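Observations on chain architecture
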Amino acid sequence: MNGLTSRLALRLERYSALGSEGKQALENEALEVRRYASRDSLVRQGAPAERIFAIVEGFACRYKLLPDGRRQNIGFMLPGDLCDTRTFALPFMDHSIAAISNVQAIQLSVDAVRRLESVPGLAQALVRNSLVEQSIAREWMINVGYRTSFERLSHLLCELFERLQAVGLTRANACEIPLTQTEIADTLALSAVHVNTALMELRRSGLVTFQSKQLVIHDYPTLKRAAGFDPAYLYFTRTAEAAD
Amino acid sequence: MTAQTTPREYQHQLRSLFAVLRTLVRHTKEGRTSVEEYAAHLEGRIGALARVHEILMRAPGEGADLYELVYGEFISQVIPETSFLASGPEVRIAPRSATALTLAFHELTVNALTHGALSTATGRAEVTWNIETLSGESWLNLDWKEFGAGLPQDPLATKGFGNELIERMLPYELSARTTLSTTREGIYVQLQIPAIAGNIIWRHAAV
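Computed from a predicted structure; not experimentally measured. (Residues numbered from 1 in each chain as written. Chains lettered and ligands numbered in written order. Predicted model: local features only at pLDDT ≥ 70, side-chain atom pairs only at ≥ 80, totals over all residues. Heavy atoms only, no water.)

Section: the overall build of chain B
Scanning chain B for helices and strands turns up five helices and 10 strands. Expressed as lengths along the three principal axes of its C-alpha atoms, the size of chain B is roughly 50 × 40 × 30 Å. Scored against the burial criterion, the 207 residues of chain B give a buried share of 43%. Restricting to contacts in chain B with at least 6 residues of sequence separation, those with at least 24 account for 68%. Accessible area for chain B stands at about 10,400 Å²; split by element, carbon and sulfur atoms hold 54% of it. (Helix = DSSP H or I, 4+ residues; strand = E, 2+ residues; numbered from the N terminus. Buried < 20%, exposed > 50% of the residue type's maximum accessible area, 1.4 Å probe, protein only. Contact = heavy atoms within 4.5 Å. Areas by Shrake-Rupley, 256 points an atom, 1.4 Å probe, with all protein chains shown as cover.)

So this is what it looks like as structure tokens:
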């Protein structure tokens with residue numbers, strides 16, 4: 001397996017076995033790869049969806065622009081993440097995707113996606129991938145609608161840790177999360193001041209340290225309980241071991 | 001476009017913000033027939049100013065994404081996605097220049113909504129841009145074009161703040177070459193903005 005599709009394959013294998021045919025098909029379609037500097041757009045709200053993206057490395061985010069210039073982040077795309085494959089069915093994008101850190105992303109045309117969907121080992125994984133994007137969005141709705149600022153932040157950190165762990169980007173209890181406090185604020189529908197307070201509270205409680213983009217989780221079971229975090233909505237049902 | 005804002009720079013930014021506000025309050029008087037009309041126009045202009053500041057404050061020193069400036073103005077006026085187009089390469093406008101450009105888009109949009117193409121059911125406004133290199137210098141060619149206004153007469157006959165912005169403020173603030181014309185379709189504005197004119201005006205963000 002080449003380096004470009006290894007994380008995408010790892011991620012999809014959490015849903016179902018891809019087989020060598022599925023992995024080969026992913027490699028065959030990873031022909032166009034682009035690099036984006038931090039803050040560059042992958043696709044813009046209002047533009048037609050001409051291709052979808054699979055993130056090879058870096059963090060990207062989905063966001064909607066608000067009439068007063070603010071934005072609401074509605075999702076993150078981490079290494080191994082692939083856009084909903086049904087995106088092409090709508091005439092234009094209702095949100096933007098932009099690079100947060102430096103990003104490398106595979107570009108997939110509608111034809112490439114159709115070819116992938118016809119590969120037996122991939123079809124089911126791609127459907128699940130699209131459904132999980134929605135499942136995460138539902139969880140985020142609860143996050144910004146129901147949870148306290150401390151819970152929102154804890155929940156987000158748990159989710160990012162789980163998703164990075166699924167593609168081999170954690171070391172023991174640590175991982176890199178290249179988000180600024182402003183970006184976290186736009187994600188959790190909080191002010192930057194609230195985010196700062198919640199971060200200090202998390203540090204004081206001894207659950208996590210989050211400094212210079214390095215997240216270290218000191219007590220994961222307690223953090224999960226504090227956040228009300230149950231990873232079931234990520235549907236990483238197959239274990240990393242089973243995913244050879 | 002620097003990464004850090006020192007207190008002195010911050011003070012300078014605040015001063016220029018107040019100066020812009022004064023200008024807005026003064027210029028909005030022109031041609032108004034009621035206090036309500038005056039207040040509505042002033043609020044719209046201050047809203048545009050607040051929006052560009054929101055965008056600039058998110059990543060100080062990065063400049064404003066041109067697409068976000070244009071698209072933001074259209075959605076702030078609740079114009080349907082099918083009635084406008086914003087399209088062009090990834091360009092960042094320097095903070096100093098972003099304010100004048102945003103106010104110009106605001107005036108054009110409001111004008112199109114009241115007199116131009118966006119006042120009709122089927123009219124459209126298109127903002128498109130590209131980058132051109134002319135004898136070693138990079139220029140941003142930015143067009144505002146309306147379609148389907150069906151104008152009986154020149155809607156800019158009363159030379160207002162919009163004209164002032166495009167014909168005087170943009171050449172001054174952005175060193176832009178501007179042409180403004182009216183057709184039956186609506187207003188057509190062409191801007192040519194140099195990348196550097198003493199200071200950086202804009203930069204191409206693509207890698």
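A word on the packing of helix α2 (residues 35–58) of chain B against helix α3 (residues 66–76) of chain B
All names here are of chain B. For the pair α2 and α3, interaxial distance at closest approach is 11 Å and the crossing angle is 140 degrees. Taken together, the axes of α2 and α3 are oblique relative to one another. Between α2 and α3 lies a crossing of right-handed hand. For the pair α2 and α3, contact is made by A48, R51, V52, I55 and R58 and by E68, L69, G72, E73 and S76, respectively. Per-class residue counts for the contact of α2 with α3 are four nonpolar, two polar and four charged. (Axes fitted to C-alpha atoms, helices over the stretch in contact; angles between N-to-C directions. Parallel < 35°, antiparallel > 145°, perpendicular 65-115°, else oblique. Left-handed = near helix turned anticlockwise from the far one by under 90°. Nonpolar A, V, L, I, M, F, W, Y, C, P; charged D, E, K, R; others polar.)

With respect to the sheet that holds strand β8 (residues 170–171) of chain A
Residues and elements named next belong to chain A. Pairing in this open sheet of four strands is antiparallel, and the strands run β8-β9-β11-β10 from one edge to the other. Edge strands, defined here as strands with exactly one partner in the open sheet, are β8 and β10 (208–211). When β10 meets strand β11 (residues 214–217), the two strands line up antiparallel, connected through four bridges. Bridged to V208 within β11 is I217. Here helix α5 (residues 149–166) sits on the sheet and contacts β8, β9 (174–176), β10 and β11; the angle it forms with β9, its principal contact strand, is near 90 degrees. (Pairing = 2+ DSSP bridges.)

Topic: the packing of aromatic side chains
Per the stated rule, a full pass over the model turns up nine aromatic pairs over all chains. Ring plane angle 40 degrees and centroid distance 6.3 Å describe the contact between Y15 of chain A and F236 of chain A, whose orientation is recorded as tilted. In this pair, Y15 of chain A sits in the loop between α1 (6–13) and α2 (19–29) while F236 of chain A sits in the segment after α8 (220–227), placing the two residues 221 residues apart along the sequence. The two residues Y15 of chain A and F236 of chain A agree in class, both being buried. With 5.9 Å between their ring centres and 80 degrees between their planes, F229 of chain A and Y233 of chain A make a pair best called edge-to-face. With respect to class, F229 of chain A is no different from Y233 of chain A; both count as buried. Through a chain of ring-to-ring contacts, three or more aromatic side chains come together here, namely Y67, Y71, F74, F84 and W144 of chain B. (Phe/Tyr/Trp six-rings, centres within 6.5 Å; stacked < 30°, edge-to-face > 60°.)

Brief notes about the sheet that holds strand β1 (residues 32–36) of chain A
All names here are of chain A. Pairing is antiparallel in the open sheet, where three strands are placed in the order β1-β7-β3. Taken across any chain shown, the strands that pair with only one partner, and hence form the sheet edges, are β1 and β3 (51–57). Averaged over all pairs of adjacent strands, the angle between strand axes in this sheet comes to 35 degrees, irrespective of strand direction. Both β3 and strand β7 (residues 103–109) contribute to a ladder of six bridges, which runs antiparallel. From the neighbouring strand, E57 faces β7, where its bridge partner is Q104.

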